[in-house]
Every structure is written in structure tokens, then in C-alpha cells.
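Secondary and tertiary structure notes
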Amino acid sequence: MSPEQPPLEIWGGHECSLNRVGETFRDQTVLSGHEDREEDLDRFAALGLRALRYPLLWERTETSPGVLDWTWADRRLGRIRALGMGVTAGLVHHGSGPAWTGLLDPGFAPGLARFAGAAARRYPWIRDWTPVNEPLTTARFSALYGLWHPHLRDERSFWLALLNQVDAVRGAMREIRRIIPEARLIQTEDFGRTYATPPCQEQADHENRRRLMTWDLLCGRVTPDHDLYSHLARMGFAARLDAVSADPCPPVIGLNHYLTSDRLLDHRLDRYPAALHGGNGRLAYADVEAVRVLDPPPPGWKAHMQALWDRYRIPLIVTECHLGCTREEQLRWLHECWAAALEVRRSGVKVEAVTVWNLLGSFDWDSLLTRADGRYETGVFDLSEGAPRATALAALVRDLALDGDTGMALATETGWWRRAQRLLYTPAASTRPSGGPGDAAPAQAISCIDLDPELMAECERRGLRLAAGGDAGNGAWPFTVSETPLRRALDLLIDRRLCGPVPSTRHRDTGGGRRL
């Protein structure tokens, strides 16, 4: 760690998207029950989190034009403050504003700016703000892919939606800083890399440049010598680009990265199912999760942190770290992110915090929030039985928050994304699958009297070592096959073994502070 950096912090956030499909608004805060459970905030604080990304959403608060209802936000934000956690206030999260506006509406940006000013006057103690979460991702899903309102599929609408959101961010921060001069913009965005076979390289280069546009615009980098300036100027956006670059609003970089963020474009359509086929109007190609076909796999967190630091040289926060998977893989994903942040900090990269996302899990992200199927995936807490139940992730988060490290062996093993089993298609870059050190025998063993073939296959998929016998010899965890679905039964075993009751205090029972 470079000597001038304070200890790496761990933050949190519950999934709070409020998106619009057709005329229907779906609010993850309502779906998770957090809407009516103020006591969740005490659960979050007990994990040792230093700050929360928290919704102060425009759509929830401005109930009709000019009418603001702060009742819910007053209670929640006041409680967070009383618990000693900081707040990054989010004003739009994958939404398009209240029903009377939208991403392509000229009134979207000034409307959000007015709301942001009112929010800052109401909560002048909040320093960190995210007026719009993932503007580029929201623009893609809403105006390029047609998944969310206004359900368009053309490139000019995409760029217009992005520029309107960037103007909304700039206007919002201008109004916020009239009240809170020291306010920081933490600009979140999904980030990864697009790989390609040679015929698709031009499209991949375009997508890799496009991925950076939220931050490039806010940093004032999109001037006539920028790679995409001429492309947007031909669509009639030159004047808007010039206005943004003349009045930039540099952010703290908010990195959101998922295993689906890295992509491969491959012209060899016969290698992939039809559902992955697409194109750009000139060339047909498959758009595939890179981890499923590249060998060796994408480098992941460390490379992305370093790339963003090399480009912008401004502080970085991992603003979303979450994996929808089995429990041990969730542990491994978070630990890999934390370890990568510590490693790049030692070389001088300014990473302030890692944010554990989906504290309460999420609903229907497997359909990109386009259907109300009620498909739930767990997070740090599991809502499957109704009330929030702490999972093994809670124990890992508390270790990292208070100790800066963990002795949890299951978390330090290599995740499936680095094992040979990740490959679903013929590797695109080598002749033999490489899994790396994660293919070594796992340290943690599960013992079971009945070595059922289904159990054996499940443990192999999950990187869990299965031992014969029902006792706990050599540290093995006894497991009994029951009527509970096998995947969930193993998750529950891991939770029982690694997560006892979460203490109500934010320090170790020994009274010791966080150890570095």
C-alpha cells in the first residue's frame, strides 16, 4: 500500500434499481421488502460497513410534478447517519425519471438537476452523490437494445440518451455544489473488455472505446481529437460534445464489473447456439461471455482497476461487487476483488473502497429486469424464508471490514471462472484448456456417508472436495442428503459452518480495532 493511502474500506448497497418496462415501474427496494424494514440498516451496520450506496430516487420522491415526499428517505437516511455509516446518494438507478419524463426528453436533465438541488438542501450532510447510475448501460438497454423504456433500437437514440444523462449528472452536481461545495461525484459504470476474432476486431475496438464514454465525457476528454468525436458529430452532436468538454465534471471512478462484462465477438456462428447470434448490420457474429470461451480466461479485477487508473489517474471505488452463483463462488468472487484492490494499491493505484452489492439479493436480473418472474438470487442476506438471514458472505464481509483479511479457506480458493470447467465452447485462443491453480484439490472437504452420484457431480462443479464417511475428521463438514434441493442444501451447510449470528457491534468482541 502506498504510504499516503488510508486503509481500504468496505462499503455496501442493496439492489435498488427502479426501471420501467412499457408503462410498468418495478422497484427492487419494494420487491426485497426493504421498503418496510428499517431494521435492515442495523444489520448492514453490524457488518462493519463504512458507507452505503443508498437510493434517494427521483421516481420515488417526486410523486407528481413539483410535489416531493421525503418521508421514507428522512427516516432511512437519518438512521444510516445515526449508525455512523456514510452515504452515497443515488438519484436515478437504471430508471428514466418519473412518468412524465424520459431519457430522450429535453426536460430530463433540468428536471433531475432541480430534484438534486432539493435533495442537497434537505440532506446537506451527504458528501458523495451518484445522480445517475451507469448512464451508458442504461442507454444501451433502453435505446440500443430496446429492453427498457423507451424501447428503441437505433444508435442515434442511444447516444442522445447517454448525452442527456451526462448533462443530467453535470447539472445535478452543479446544483448540489451550490449547497455542498465539497460534494463528490461518484460515477458508476459497468466496465469490461470486448475481445474478438480478426474479422470482428473493428467492432470490438468500437465497443471498447464506447465503454469509456461516460467517464470520458465527464472528464472533458471528448474533444475533436477523441476517437469517437467525429462519429457523434456526424449524428449532429458536435455542439453538445463541445459544451460538455468546455464544462467538465470529473468524477471518482465507480467500477462495476461482472463476469458477463467481458465479451468475445466471434464470426464463426456455427460454434454457438442461435440465441448468441447477432451483428452490426454489416457483419454477423456471436456475442459470448468471454470467460466461457477464452483460454486463458480474462484477467479480471486487477487488470480493469489498473486500466482505469492508467487512463484517468483519479481515485477509484469498486461500486458493485456481486456474483449470482452458489455460496462458495460468491465468497471467492468478493475475495478476489478485495485481493486485487490491495495489490494494485501497493503499486500506487488509488482504490478507496470495495462495495459489496446486493446486500439483500435481487429479483429477475436473469431476464435483465424485463419480466416479473420472481426469480430471486441471494446476496449477503437471504430472503428465501421471508426475514433476512445472514449468509456466509456476511462473515466474510465482517472479516474484511474489521481485519482487512480473512482466514476463511473457502473464500481464498480459485473461482469457477479460473478453472477449466468454465469453458462451454471451443477455446478461442489456445489448444488446451488451462485452469490455473484453481484446478488443484480444494482445501475444504464435505463428508457424506452416501456418496450419491448427483452429490459427487455437484461438489466437483463447485470446487468442493467430497470425502467418504459422515464424521468431521480432518476438518470435513458432515453433510446429509435430504429433501432440500442439493444446490441449496450445500449453500445452507456453508452458511451454518461459516456464519454464526452476526454481532450487533461494529467491533470485535475482544475490543480490538481493525487489524491491517
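From a predicted model like this one, the values you see are computed outputs, not experimental measurements. (Residues numbered from 1 in each chain as written. Predicted model: local features only at pLDDT ≥ 70, side-chain atom pairs only at ≥ 80, totals over all residues. Heavy atoms only, no water.)

Comments concerning helix 4 (residues 71-82)
- The end-to-end C-alpha separation of helix 4 is 17 Å, in line with the 16 Å expected for twelve residues at 1.5 Å each.
- Every buried residue of helix 4 is listed here: W72, A73, R76, L77 and I80. Mapping the buried residues of helix 4 onto a view down its axis gives an arc of 105°, with all of them on the same face. Exposed and facing more than 90 degrees away from the buried side of helix 4 are T71 and A82.
- Along its buried surface, helix 4 packs onto helix 1 (28-31), helix 2 (40-46), strand 4 (51-55), helix 3 (58-61) and strand 7 (86-93).
- Of the residues flanking the end of helix 4, it is G84, one or two places downstream, whose phi is positive at about 85°. (Helix = DSSP H or I, 4+ residues; strand = E, 2+ residues; numbered from the N terminus. Expected span 1.5 Å × (residues − 1). Buried < 20%, exposed > 50% of the residue type's maximum accessible area, 1.4 Å probe, protein only. Arc of directions from axis to C-beta. Contact = heavy atoms within 4.5 Å.)

Regarding the packing of helix 13 (residues 327-346) against helix 14 (residues 392-403)
- Interhelical geometry of helix 13 versus helix 14 gives an angle of 20° and a closest axis separation of 9 Å. Here helix 13 lies roughly parallel to helix 14, going by the angle between them. The way helix 13 lies across helix 14 gives a crossing that is right-handed. Residues R327, Q330, L331, L334, H335 and W338 of helix 13 form the contact with helix 14, whose participating residues are A392, L393, L396, V397 and L400.
- Residues that form the contact of helix 13 with helix 14 fall into these classes: eight nonpolar, two polar and one charged. (Axes fitted to C-alpha atoms, helices over the stretch in contact; angles between N-to-C directions. Parallel < 35°, antiparallel > 145°, perpendicular 65-115°, else oblique. Left-handed = near helix turned anticlockwise from the far one by under 90°. Nonpolar A, V, L, I, M, F, W, Y, C, P; charged D, E, K, R; others polar.)

Quick word on the environment of E289
- Mapped onto the elements, E289 comes out in strand 14 (residues 284-289).
- Put simply, E289 and L276 are 13 residues apart on the chain and 9.6 Å apart in space, counted from C-alpha to C-alpha.
- Other than its neighbours up to four places away in sequence, E289 contacts T260, D262 and R263.

Regarding the sheet that holds strand 16 (residues 351-356)
- As summarised here, the arrangement of the eight strands in space is 1-4-7-8-9-11-15-16, forming a closed barrel in which the pairing is parallel. Within the sheet, the average angular offset between the axes of one strand and its neighbour, ignoring direction, is 25°.
- Where strand 7 lies against strand 8 (residues 128-133), five bridges are found, and the strand directions are parallel. For V92, the partnering residue across the bridge sits in strand 8 and is V132.
- Of the strands in this sheet, strand 8 and strand 9 (184-190) touch helix 6 (residues 135-144), which is tilted by about 45° from strand 9. (Pairing = 2+ DSSP bridges.)

Things to note about the pairing of strand 22 (residues 465-468)
- Relative to strand 22, strand 21 (residues 445-448) runs parallel, the two sharing four bridges. In the strand pairing of strand 22, A445 is matched with R465.
- Between the parallel pair strand 21 and strand 22, the chain is carried across by helix 16 (residues 453-462), and the sense of this crossover is right-handed. (Right-handed = clockwise from strand over helix to strand, strands pointing away.)

Observations concerning the environment of W301
- Within the element layout of this structure, W301 appears in helix 12 (residues 301-312).
- Distance in space between the C-alpha atoms of W301 and H257 is 7.5 Å, their sequence separation being 44 residues.
- When sequence neighbours within four positions are dropped, the list of residues in contact with W301 reads L255, H257, V318, E320, C321, W333, E336, C337 and A340.

Let's talk about the pairing of strand 2 (residues 18-21)
- Note: strand 2 against strand 3 (residues 24-27), four bridges, orientation antiparallel. By the bridge assignment, V21 is partnered in strand 3 with T24.
- Hairpin connection between strand 2 and strand 3: a loop of two residues separates the two successive antiparallel strands, and G22 in this loop has a positive phi of roughly 65°.

Considerations on the confidence of the model for the protein chain
- Mean pLDDT for the protein chain: 93, with 93% of residues reaching 70 or above.
- Note that residues 430-434 has pLDDT below 50 and, in this model, eight contacts with residues that lie over four places away or in other chains.
- Here residues 505-516 is modelled with pLDDT under 50, and outside its nearest four sequence neighbours on either side it reaches 32 contacts, counting other chains as well. (pLDDT = per-residue confidence, 0-100.)

A look at the sheet that holds strand 12 (residues 263-266)
- Read from one edge of the open sheet, four strands run 10-12-14-13, paired in mixed fashion. Sheet topology places strand 10 (194-196) and strand 13 (277-279) at the edges, where each strand pairs with a single neighbour. Adjacent strand axes in the sheet meet at a mean angle of 35°, parallel and antiparallel pairs treated alike.
- Sheet topology places strand 13 next to strand 14; three bridges connect them, and they run antiparallel. Note on strand 14: the bridge partner recorded for G278 is Y285.

Thoughts on the packing of aromatic side chains
- Counting across every chain of the model gives 16 aromatic pairs.
- A centroid spacing of 5.8 Å and a plane angle of 75° characterise the contact between W70 and Y123, whose relative ring orientation is edge-to-face. In this pair, W70 is assigned in the loop between strand 6 (67-68) and helix 4 and Y123 in the loop between helix 5 (108-122) and strand 8, connecting sequence segments 53 residues apart. Each member of the pair, W70 as well as Y123, is classed as buried.
- Plain terms: the ring middles of F141 and W148 are 4.9 Å apart, the flat faces sit at 75° to each other, and that makes the pair edge-to-face.
- With relative accessibility at 10%, the residue F141 sits in the buried group.
- Joined through ring pairs, the aromatic side chains of F141, Y145, W148 and W365 make up one cluster.
- R53 extends its terminal NZ or CZ atom over the ring of W357, reaching a point 4.5 Å from the ring centre.
- Positioned above the aromatic ring of W72, the side-chain terminus of R60 is 4.3 Å from the ring centre. (Phe/Tyr/Trp six-rings, centres within 6.5 Å; stacked < 30°, edge-to-face > 60°. Lys NZ or Arg CZ within 6 Å of the ring centre and 35° of its normal.)

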